[in-house]
Amino acid sequence: MKITTFNPMILSKDSESTIELFKELGFEKRHAPVTTVETGDEVQCTRMKDSNGFYVDIADLPQMPQDTTYIRMNVDNFEEAYEILKKHGFTNTRGDGTIDTKSATAATMVSPSGFRISLIKHIKK
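Report follows, based on the coordinates. (Residues numbered from 1 in each chain as written. Predicted model: local features only at pLDDT ≥ 70, side-chain atom pairs only at ≥ 80, totals over all residues. Heavy atoms only, no water.)

**Comments concerning helix α1 (residues 15-24)**
- Regarding α1, the residues found buried are S15, T18, I19 and F22. The buried residues of α1 occupy an angular sector of 100° when projected down its axis, which confines them to one face.
- Turning to α1, the residues buried within the fold contact β1 (3-12), β2 (28-31), β4 (42-49) and β5 (55-60).
- At the exit of α1 stands G26, carrying a positive phi of roughly 105°. (Buried < 20%, exposed > 50% of the residue type's maximum accessible area, 1.4 Å probe, protein only. Helix = DSSP H or I, 4+ residues; strand = E, 2+ residues; numbered from the N terminus. Arc of directions from axis to C-beta. Contact = heavy atoms within 4.5 Å.)

Encoded structure:
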């Protein structure tokens, strides 16, 4: 299994002000795809990068009571990464379910101490 992306991901109830903060810190928008999740809701996630090559993703979730930070981890083998995390006591917030879109499979995994990893495998066409 290979990790292809590893960076912070902020789920924000006020993504525009969070994006502005990171712009002032030297980050630039790379892209901001909108994904429709299984509930039918659309989530925009803005990917930003600075001149040192650091990334941050900011997801627009206005229904959240407060901002939350996850680790985004893209992998080339979702099942293998999922099993490694489970072996280390991580649990999936959806039982064993995943979020499946046209472009990715994802699950939010929670460590025994409470930190979260957004585990993602992009589907290549």
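**Some details on the packing of aromatic side chains**
- Inspection of the entire model under this criterion finds three aromatic pairs.
- Arranged with centres 5.9 Å apart and planes meeting at 20°, the rings of F78 and Y82 form a pair that is stacked. Taken together, the residues span about one helical turn, with F78 and Y82 both in helix α2 (residues 78-87) at a distance of four residues. We note that F78, like Y82, is buried.
- For the pair F90 and F115, a centre-to-centre distance of 5.4 Å together with 85° between the ring planes defines the contact as edge-to-face. (Phe/Tyr/Trp six-rings, centres within 6.5 Å; stacked < 30°, edge-to-face > 60°.)

**Here we look at the nonpolar core**
- M73, V75, F78, A81, Y82, L85, F90, A107, M109, I117 and L119 form the largest nonpolar core, which has 11 residues in total.
- Looking at this core, the elements that each hand over two or more residues are β6 (68-75), α2, β9 (104-110) and β10 (116-122).
- Ranked by residues supplied to this core, first place goes to α2 with four residues.
- If we ignore the near neighbours within four places in the chain, the residues touching A81 are M1, V75 and L119.
- In terms of nonpolar packing, the next biggest core, distinct from the first, is built from eight residues, M9, L11, L61 and Y70 among them. (Core = buried A, V, L, I, M, F, W, Y, C linked by side-chain atoms within 4.5 Å.)

**Some remarks on the pairing of β10**
- Across four bridges, the pairing between β6 and β10 is parallel. The residue bridging R72 from the neighbouring strand is S118, located in β10.
- Of the pairings in the sheet, the one linking β9 to β10 comprises seven bridges and is antiparallel in character. Bridging across to β10, T105 finds its partner in K121.
- Between β9 and β10, which pair antiparallel in sequence order, lie five residues; one of them, G114, sits at a positive phi of approximately 110°. (Pairing = 2+ DSSP bridges.)

**Regarding the pattern of salt bridges**
- All told, the structure shown has four salt bridges when counted by the stated rule.
- One salt bridge in this structure joins D57 and R47, with 2.7 Å as the shortest N-O distance. Residue D57 is located in strand β5, and its partner R47 is located in strand β4; the two are separated by 10 residues in the primary sequence. In terms of burial, D57 and R47 fall into one category: buried.
- The shortest N-O distance in the salt bridge between K86 and D96 comes to 3.7 Å. Remark: D96 occurs in the loop between β7 (91-92) and β8 (99-100) and K86 occurs in helix α2; sequence separation between them is 10 residues.
- A relative accessible area of 59% means that D96 is categorised as exposed.
- The network of salt bridges with shared partners includes R47, D57 and R72. (Salt bridge = Lys/Arg side-chain N within 4 Å of Asp/Glu carboxyl O.)

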